[in-house]
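Working through the structure, step by step
Residues per chain, in single letters:
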Amino acid sequence: MATEREHTSFPGNNGEPPSGESRYSTMQRHSRPAGPGKTFSGRSVLFFVLTAIATTLVFALVLAVVWERRFESYSHQRLQQMADRGAIEIARCYEDAGGWSDDVSARAAALDDSSDDASVQVLSSAGEVIYDGSDRHPDRLIPSLSQTDASKVVDAPIVDAGGTVVGTVRMWSLGSGFLLAESDNDLKMDSYQAIIEAGIISVIAATVIGYFASRRLLRPIRKITYTAMQIRNGDLTARTGLKGDDEVGRLGETFDGMASELERDIKFEHRLTSDVAHELRTPLMAMIATVEAMQDGVLPTDSEHLETVDKEVRRLSRLVDAMLHLSRLENGSTELKVERTDLVTLVKSLVSVQQQLFADQGLRLNFDDRTHDHRLVAEVSPDLIREALTNLMSNALRYTPEGGQVLVSVGRGRGGMALLSVQDTGMGIAKEDVSRVFSRFWRSDASRERVSGGLGVGLALTKEIVGRHNGAIDVESELGKGTTFTIRIPLVHKESLR
């Protein structure tokens, strides 16, 4: 069973959502109340009661069948015993009278009168009716000897002293409670009464147990529901605090994990909005300041200052283009045109083109071919792969100090994968920041992107490009020693399921 732990209390806000969460505070705040009999508690109690009733009915049915069979067998045995004793007495009368006489009939009548639950018939060995109880008691007619009635009819042979069967005593029962003593009937009725009483007690017990069991089971579910309402109303810090090894405990832990992810994503969304606004404002403010200064005569309207405006316009254009490109990749609106490409040739030519640029910054750019036959053909989009590698190389160029080096390598990995890596000896990334390097506009140093002139979306673009190729990208970094980005791409392209 899930258990509750201490968790951070919800901040009071007089019914208003926390600031900055207006997007979520506009959602519906009240759940529709469940109708009568539709709550989990009501259903649980009903299920417990129905189970108790069904169990009682089954038990009563089984007991009734067994009891009836037992009493029927018992009654049949008593009826047979009476017929056997009557046959012995009639045989004595038959021997004393020397044949069938009125004394035999009188003895049969006495046997017939001895029980109100059975009737008697005496037959000779030739089938002649010597005595028939139905003549004296019209309400005691013998039933037909069908399979249904055979259990209520018994025969006992009348045997003389010489061992010859001279006739038959036939007896049959009257009604379902035949030949049962009053104590037997009392036992039978008491059994049924006990079943009824036990059923009533079971229903009451099931109602009580169902009520308290449902309350216990509902406690963590109500906690999850309440927490979900708090999150819906804007309190992203709300948590259930549930833990446990059962299904409800795991549900609580999963819900809390989802809430933490949601809180992180919303905070990142707010930060992203702020960063986008900042990145767009920076070139705009520079252009506005320069234009206003030229208008006011503070700065001359010459090619130098017009070049400053042009530079910022181009920076703004590149940023917007990069964001649009990233958005199209994420939405899948950009068609992925794959073709068989030799990655060794592609990367080697790219490094050759970039070497002079790195040399101008005082850096060494080298290429390492790690394939066996200097050839690695893969089904990729060469333009997008070139763009991804260029982004990684540009990132290494910006964050590697003068005198450092950058190594770009190509190799074959396990499972039919191509490995493309860019390794630098730059400033490195803190361990806690590695997981965020592919976020838009992310920077561990608030000023380094701006100083270096980066747009802040290159790594995000690279990750999206690799994802479109059904690949993955890894980062290994250590502060002050450098960073290595490794791209893994399948050599055979399969259509993405995205």
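See the structure above.
The sections below set out a description of the structure shown in this document.

Rules used throughout
- Residues numbered from 1 in each chain as written.
- Predicted model: local features only at pLDDT ≥ 70, side-chain atom pairs only at ≥ 80, totals over all residues.
- Heavy atoms only, no water.
- Helix = DSSP H or I, 4+ residues; strand = E, 2+ residues; numbered from the N terminus.
- Buried < 20%, exposed > 50% of the residue type's maximum accessible area, 1.4 Å probe, protein only.
- Lys, Arg positive; Asp, Glu negative; His and termini not counted.
- Salt bridge = Lys/Arg side-chain N within 4 Å of Asp/Glu carboxyl O.
- Axes fitted to C-alpha atoms, helices over the stretch in contact; angles between N-to-C directions.
- Left-handed = near helix turned anticlockwise from the far one by under 90°.
- Contact = heavy atoms within 4.5 Å.
- Nonpolar A, V, L, I, M, F, W, Y, C, P; charged D, E, K, R; others polar.
- Pairing = 2+ DSSP bridges.

1. Re the side chain of Asp-235
- In this fold, Asp-235 is placed in the loop between helix 5 (182-232) and strand 6 (242-243).
- It is Arg-239 that comes nearest to the buried, bridge-free Asp-235 among opposite-charge side chains, at 7.0 Å.

2. Details of the pattern of salt bridges
- Summed over all chains, the structure comprises 9 salt bridges.
- The closest approach of N and O atoms between Arg-375 and Asp-342, which form a salt bridge, is 3.8 Å. Residue Arg-375 is located in the loop between strand 8 (364-369) and strand 9 (377-380), and its partner Asp-342 is located in strand 7 (residues 339-342); the two are separated by 33 residues in the primary sequence.
- Using a relative accessible area of 15% as the deciding quantity, one classes Asp-342 as buried.
- The residue Asp-474 makes a salt bridge to Arg-488 at a minimum N-O spacing of 2.1 Å.

3. Side note on the packing of helix 8 (residues 343-360) against helix 9 (residues 382-399)
- Orientation of helix 8 relative to helix 9, taken along the N-to-C sense of each, is 35 degrees, at an axis distance of 11 Å. Of the two possible hands of crossing, helix 8 and helix 9 adopt the one that is right-handed. Residues Leu-346, Val-347, Leu-350, Val-351, Gln-354, Leu-357 and Phe-358 of helix 8 form the contact with helix 9, whose participating residues are Pro-382, Ile-385, Arg-386, Leu-389, Thr-390, Met-393 and Leu-397.
- Among the residues forming the contact of helix 8 with helix 9, the class breakdown is 11 nonpolar, 2 polar and 1 charged.

4. Looking at the sheet that holds strand 11 (residues 417-424)
- Read across the sheet, 5 strands follow the order 8-10-11-13-12 without closing on themselves; strand pairing throughout is mixed. Both outer strands of the open sheet, strand 8 and strand 12 (472-478), are each paired with one neighbouring strand and no more. Pairs of neighbouring strands in the sheet enclose a mean axial angle of 15 degrees, with direction left out of account.
- Note: strand 11 against strand 13 (residues 482-490), 7 bridges, orientation antiparallel. What sits directly across from Ser-421, in strand 13, is Thr-486.
- Helix 8 rests against strand 8, strand 10 (405-413) and strand 11 of the sheet, and its axis sits at about 170 degrees to strand 8.

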